[in-house]
Amino acid sequence: MFKLNLKIALRNLWKNKGFSLINIGGLAIGLASCMVLLLYVAYEWSYDKQFSNHEKTYVIYHNSEASGKVFSWAWTPAVMADEVREKIPGVAYSSHSSYPSNYLVTYGEKKFKDKGVYTDPSFLKILDYKFIKGNPDKVLNEVNSIVLTKSFAEKLFGNEDPINKTVKLDNADVLKVEAVIEDVPANNSIKFEYLLPWALFEKREPWAREKNWGNNMCLTLVQLGNNNAFEKANSEIAGIYKRNLPENKDVALLFPLDKWHLYDDFVNGKSVGGKIDQLRIFLMLAFCILLIACVNFMNLSTARSEKRAKEVGVRKAIGSSRQSLIAQFLLESVLLAIIATVVAFALAEISLPYFNNLLNINLVIAYNDWEFWTALFSLMVFTGLVAGSYPALYLSSFEPVKVLKGFNIKVGSSVSIRKILVVFQFVFAVCLIICTTIIYQQLNYIKNKPIGYNKGNLIQIAVQGNLSDEGKRNLLKDQLIKSGAATNVTFFSRGISEGGNNTTAVSWPGKNPKEDIFFNQRGIGYDFTKTIGTELISGREFSASHPNDTNSVVLNESAVKVMNLKNPLGTVIDFWGNKLTVVGVMKDFVVESAYQSVAPMLFYTSSRSGASTIIVRLNPSANVSSSLAKIDELVQGVEPNFPVDRKFVDESFEEKFQNEKLLGTLSNWFGGFAIFISCLGLLGLALFMAEQRKKEISIRKVLGASTANILTLLNKDFIKLVAIANIIAFPLAYVIINKWLSAFEYRVIISFLPFLLAILISVVIAVLTVSLQSVKVAKANPIDALKYE
């Protein structure tokens with residue numbers, strides 16, 4: 001019986017090639033979209049789950065209450081790891097590691113600047129990377145040692161065995177290669193190309209040796225022996241700051257490593273989401289696109305109901321049961337789903353390089369993974385059964401006597417269900433149009449919002465080697481300006497768009513002793529405001545004509561406001577036990593998130609703190625390429641042993657919007673696919689309606705109706721459906737996008753424009769789609785439809 005049903009199914013598909021192609025195309029696009037989105041979701045979901053004990057591994061988070069709210073970071077003091085290992089019950093391993101930073105590693109003539117992490121031997125016990133060479137039990141103990149990843153070892157040594165060979169770090173420390181491990185997976189939160197011993201960090205940075213509970217400067221990982229110990233360990237860790245620094249009110253907590261990537265958004269000390277919210281959107285998008293494709297299949301299948309009615313009547317008359325007919329129609333839909341899946345594979349493989357480039361990741365179809373094939377088979381069968389369920393039940397319900405006598409099929413209930421399905425399709429499409437439009441409005445609003453300085457033609461150069469010396473930096477500054485490549489040069493203690501470096505250790509006359517305020521702190525050089533293009537509200541900035549500026553401080557507007565200083569100039573503040581005099585007030589400018597209000601900031605001279613960045617304002621009257629070449633030449637002249645590390649500030653600033661750009665672009669693409677598939681669904685309903693009303697249309701033509709009259713008649717019903725879809729979609733889209741916008745302090749006001757745009761696009765699409773079929777019916781010869789009457 002199965003063989004016979006299969007043969008009939010294949011014949012029907014071949015006989016109705018047009019319908020089959022439209023059905024296969026709709027299902028294929030739906031399945032391909034679903035596959036790509038699910039691949040991305042699975043990739044993000046798998047973050048930090050590669051390790052054998054990931055479910056017992058935790059990041060220590062640090063909650064600090066200040067400025068009326070709780071701030072949460074995954075950065076803790078260097079002494080935290082030892083304290084936890086020694087005093088917290090249930091802890092098997094604990095490890096501290098530095099923030100991944102770029103250092104220069106040299107072997108012979110080969111020089112590479114890549115990410116490295118300072119850490120201790122326990123790091124490789126907790127995160128059990130596979131060792132290719134070397135002894136896992138003996139690494140990172142010696143101060144002058146290094147562990148390389150496989151790809152970095154190949155870059156340095158080629159085909160040579162790297163073990164026991166020596167490399168130079170920042171042209172200073174000679175390190176022996178102890179081991180080579182597998183490359184760090186792309187879906188790993190801690191990314192590096194090599195590991196360095198913590199003892200080397202303490203040697204290079206003497207301040208790191210201090211047992212300081214106030215300096216949160218490293219990541220602390222903890223692995224429990226058993227998760228049954230979690231509650232007790234977490235409650236013990238909560239008071240670890242208070243026990244070691246009685247005046248410190250901060251709280252520590254254990255946060256699962258395998259949730260760190262997706263749930264890193266904290267409010268009032270508790271995780272409230274993060275990237276998981278974006279993944280939920282993509283999961284819903286994938287499900288809805290597939291559902292729309294299934295609805296299309298239903299619409300297009302029932303559009304051919306009159307042609308299949310006699311077949312059903314004959315088969316029922318000769319003894320076929322309704323169950324066998326349902327099986328027949330379901331087999332056809334599953335067969336179409338199988339063909340569509342093959343096409344979807346091709347579409348997914350073709351589109352993956354584009355999406356990988358867009359997402360900056362490497363999504364691949366895992367052909368050798370049985371879980372992938374199981375999921376795909378389930379998805380394919382699910383699609384086939386869902387898509388074929390309504391047509392099978394509807395077509396198999398025909399009464400043989402009525403259809404064989406030639407009576408028209410009563411389609412009232414059918415049309416109602418089909419109209420509901422089309423309305424559902426357009427509700428989804430209209431929601432996507434509105435949400436995507438507002439996402440782009442928000443992105444453009446933030447990108448074009450004044451940030452307090454001029455980021456155009458501004459570059460930042462990393463301080464390395466000889467440039468760490470203040471005299472060498474000043475020499476380079478003079479050379480850059482004299483060369484004509486730059487108009488102004490200054491120094492900064494961090495990248496200008498980087499966060500971090502904040503403190504509550506600031507006091508001033510009139511401060512409430514019970515209230516802690518978070519301040520961002522930065523070291524700046526002379527001519528800072530002129531270089532970055534910001535303004536001084538009052539007072540002055542640091543200058544060579546004021547040699548005592550090491551005891552001075554400049555505040556931003558937000559700091560003056562939060563400190564409630566009516567006459568800030570001349571105010572003496574206490575900063576980490578140092579008395580500093582306020583000499584200037586600077587206009588607020590964005591350093592961290594462009595979406596949040598500017599934090600209070602205090603600036604001290606870079607002579608006090610050193611500098612990690614040289615900021616250069618390019619000469620607007622000079623050729624940019626020539627200026628950059630000249631800058632590179634001068635930097636190399638002062639520090640020839642390091643490659644020049646520079647980038648434009650506006651490129652760094654652009655990186656802040658990656659998540660929103662990704663959400664907008666993917667919504668755009670897959671929203672477009674959803675709208676296209678919805679058009680096929682509308683075409684299905686138009687075909688169905690035209691087939692049912694062809695005699696009515698023919699009579700109207702005989703009585704003198706024009707083509708325009710008939711087109712208006714047919715389009716009127718569909719415009720009503722689209723109007724209903726818009727009415728349902730508007731409040732739904734408003735709620736969704738308003739919730740998304742609520743995460744930003746600076747956000748656009750939701751206007752009527754996106755809703756008007758959604759109406760126009762949906763109506764135009766509906767009219768064009770329906771008219772393609774309606775024109776054929778309106779121009780058809782009425783004799784063909786009426787000659788049997």
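Just above sits the structure.
Below is a short write-up of the structure. (Residues numbered from 1 in each chain as written. Predicted model: local features only at pLDDT ≥ 70, side-chain atom pairs only at ≥ 80, totals over all residues. Heavy atoms only, no water.)

1. Things to note about the overall build of the chain
- The number of helices and strands found in the chain is 26 helices and 26 strands.
- The long-range share in the chain, meaning contacts at least 24 apart out of those at least 6 apart in sequence, stands at 79%. (Helix = DSSP H or I, 4+ residues; strand = E, 2+ residues; numbered from the N terminus. Contact = heavy atoms within 4.5 Å.)

2. Focus on the packing of helix H16 (residues 470-483) against helix H20 (residues 624-638)
- As a packed pair, H16 and H20 sit with axes 10 Å apart at the nearest point and diverge in direction by 150 degrees. In this view, H16 runs roughly antiparallel relative to H20, as classed from their interaxial angle. Here H16 and H20 pass one another in a crossing that is right-handed. Between H16, through Lys472, Leu476, Gln479, Leu480 and Ser483, and H20, the contact on the second element is made entirely by Lys630, Ile631, Leu634, Val635 and Val638.
- Partitioning the contact of H16 with H20 into residue classes produces 6 nonpolar, 2 polar and 2 charged. (Axes fitted to C-alpha atoms, helices over the stretch in contact; angles between N-to-C directions. Parallel < 35°, antiparallel > 145°, perpendicular 65-115°, else oblique. Left-handed = near helix turned anticlockwise from the far one by under 90°. Nonpolar A, V, L, I, M, F, W, Y, C, P; charged D, E, K, R; others polar.)

3. Some points on the packing of aromatic side chains
- Inspection of the entire model under this criterion finds 38 aromatic pairs.
- When the centroid spacing of 6.0 Å and the interplanar angle of 45 degrees are considered together, the rings of phenylalanine 528 and phenylalanine 589 count as tilted. One end of the pair, phenylalanine 528, is in helix H17 (residues 528-532); the other, phenylalanine 589, is in the loop between strand S23 (578-586) and strand S24 (601-605), and 61 residues separate them in sequence. A single burial state applies to phenylalanine 528 and to phenylalanine 589, both of which are buried.
- Taken together, Tyr354, Phe355, Trp669, Phe670 and Phe673 form an aromatic cluster joined through their ring pairs. (Phe/Tyr/Trp six-rings, centres within 6.5 Å; stacked < 30°, edge-to-face > 60°. Buried < 20%, exposed > 50% of the residue type's maximum accessible area, 1.4 Å probe, protein only.)

4. Concerning the environment of valine 635
- For valine 635, the location among the structural elements is in helix H20.
- A relative accessible area of 5% means that valine 635 is categorised as buried.
- Counting along the chain gives 155 residues from valine 635 to leucine 480, while the straight-line C-alpha distance between them is 8.8 Å.
- With residues near it in sequence (within four places) discarded, valine 635 still touches Ile461, Leu467, Leu476 and Val644.

5. Re a nonpolar patch on the surface
- Side chains of Phe752, Leu753, Leu756 and Leu760 sit close together on the surface and give an oily, nonpolar patch of about 410 Å² of accessible area.
- Looking at where leucine 760 falls in the secondary structure, it is placed in helix H25 (residues 753-779).
- Look at leucine 760 and you get partly exposed, because its relative accessible area is 49%. (Patch = residues over 30% accessible without salt bridge, like charges linked within 9 Å, V, L, I, M, F, W, Y side chains within 5 Å. Areas by Shrake-Rupley, 256 points an atom, 1.4 Å probe, with all protein chains shown as cover. Salt bridge = Lys/Arg side-chain N within 4 Å of Asp/Glu carboxyl O.)

6. Points about the nonpolar core
- Among the nonpolar cores identified, the biggest contains 138 residues, and Phe123, Leu127, Tyr129, Phe192, Leu221 and Tyr453 are the most heavily contacted of them.
- Examining the composition of this core, we find that 16 residues originate from one element, helix H15 (residues 412-448), more than from any other.
- In contact with leucine 127, other than residues within four places in its own chain, are Phe51, Ile190, Leu221 and Leu257.
- Counting residues in each nonpolar core, the second largest holds 23 residues, with Ala78, Val105, Ala153 and Leu196 among its members. (Core = buried A, V, L, I, M, F, W, Y, C linked by side-chain atoms within 4.5 Å.)

7. Here we look at the environment of tryptophan 45
- Position of tryptophan 45 relative to the elements: it lies in helix H2 (residues 17-45).
- Sequence separation between tryptophan 45 and lysine 259 is 214 residues, and the spatial gap between their C-alpha atoms is 8.8 Å.

8. Some words on helix H24 (residues 707-741)
- For H24, which comprises 35 residues, the first-to-last C-alpha distance of 47 Å matches the rise-based estimate of 51 Å (1.5 Å per residue) to within 8%.
- Helix geometry: H24 is bent most strongly at alanine 729, by close to 30 degrees, with proline proline 731 lying one to four residues after it. (Expected span 1.5 Å × (residues − 1). Bend = angle between axes of the 7 residues up to and from the residue.)

9. As for the pairing of strand S1 (residues 57-66)
- When you tally the buried positions in S1, you get 9 out of 10 residues, the bulk of the element.
- As paired elements, S1 and strand S11 (residues 219-224) share 3 bridges and run antiparallel to each other. Opposite tyrosine 58, over in S11, you have valine 222 as the bridge partner.
- Pairing of S1 with strand S12 (residues 251-256), which is carried by 6 bridges, proceeds in the antiparallel orientation. Looking at the pairing, histidine 62 lines up with alanine 252 of S12.
- Bridging between S1 and strand S2 (residues 69-73) involves 5 bridges; their strand directions are antiparallel. If you follow asparagine 63 over to S2, its bridge partner there is serine 72. (Pairing = 2+ DSSP bridges.)

10. Concerning the pairing of strand S14 (residues 270-273)
- In this structure, strand S13 (residues 265-267) lies alongside S14, joined through 3 bridges in antiparallel fashion. Bridge pairing in S14 places aspartate 265 opposite glycine 273.
- Counted along the chain from S13 to the antiparallel partner S14, the turn is 2 residues long, and its residue asparagine 268 has a positive phi close to 55 degrees.

11. A closer look at the pattern of salt bridges
- Tallying each qualifying case throughout the model produces 20 salt bridges.
- The salt bridge involving glutamate 654 is made with lysine 447; its shortest N-O contact spans 2.8 Å. A residue pair is termed long-range when its members are at least 10 positions apart, and glutamate 654 in helix H21 (residues 649-654) and lysine 447 in helix H15 qualify at 207 residues.
- Put simply, arginine 494 and glutamate 498 hold a salt bridge, and the shortest N to O gap is 3.4 Å.
- On the accessibility criterion, glutamate 498 (38% relative accessible area) is partly exposed.
- Via salt bridges that share partners, Asp170, Asp173, Lys203 and Arg204 belong to a single interconnected network.

12. Structural notes on the packing of helix H23 (residues 694-702) against H24
- Interhelical geometry of H23 versus H24 gives an angle of 150 degrees and a closest axis separation of 10 Å. When the interaxial angle is binned, H23 and H24 end up roughly antiparallel. The crossing of H23 and H24 is right-handed. For the pair H23 and H24, the contacting residues are Glu696, Ile697, Arg700 and Lys701 in the first and Ile710, Leu713 and Leu714 in the second.
- Looking at the contact of H23 with H24, its residues break down into 4 nonpolar, no polar and 3 charged.

13. Observations regarding unusual backbone geometry
- Unusually for a residue other than glycine, asparagine 171 sits at a positive phi of about 55 degrees.
- Here asparagine 171 falls in the partly exposed class, since its relative accessible area comes to 24%.
- Positive phi values are uncommon outside glycine, yet asparagine 457 reaches one of about 60 degrees.
- Structurally, asparagine 457 can be placed in the loop between H15 and strand S15 (458-462).

14. As for the side chain of serine 64
- Topologically, serine 64 is positioned in strand S1.
- Owing to a relative accessible area of 5%, serine 64 belongs among the buried residues under this scheme.
- One polar contact links serine 64 to aspartate 250, side chain to side chain, over a distance of 3.0 Å.
- When neighbours within four sequence positions are excluded, serine 64 is seen to be in contact with Lys69, Val70, Phe71, Trp73, Asp250 and Phe518. (Polar contact = N/O pair within 3.5 Å; in protein donor to acceptor, adjacent residues only side chain to side chain.)

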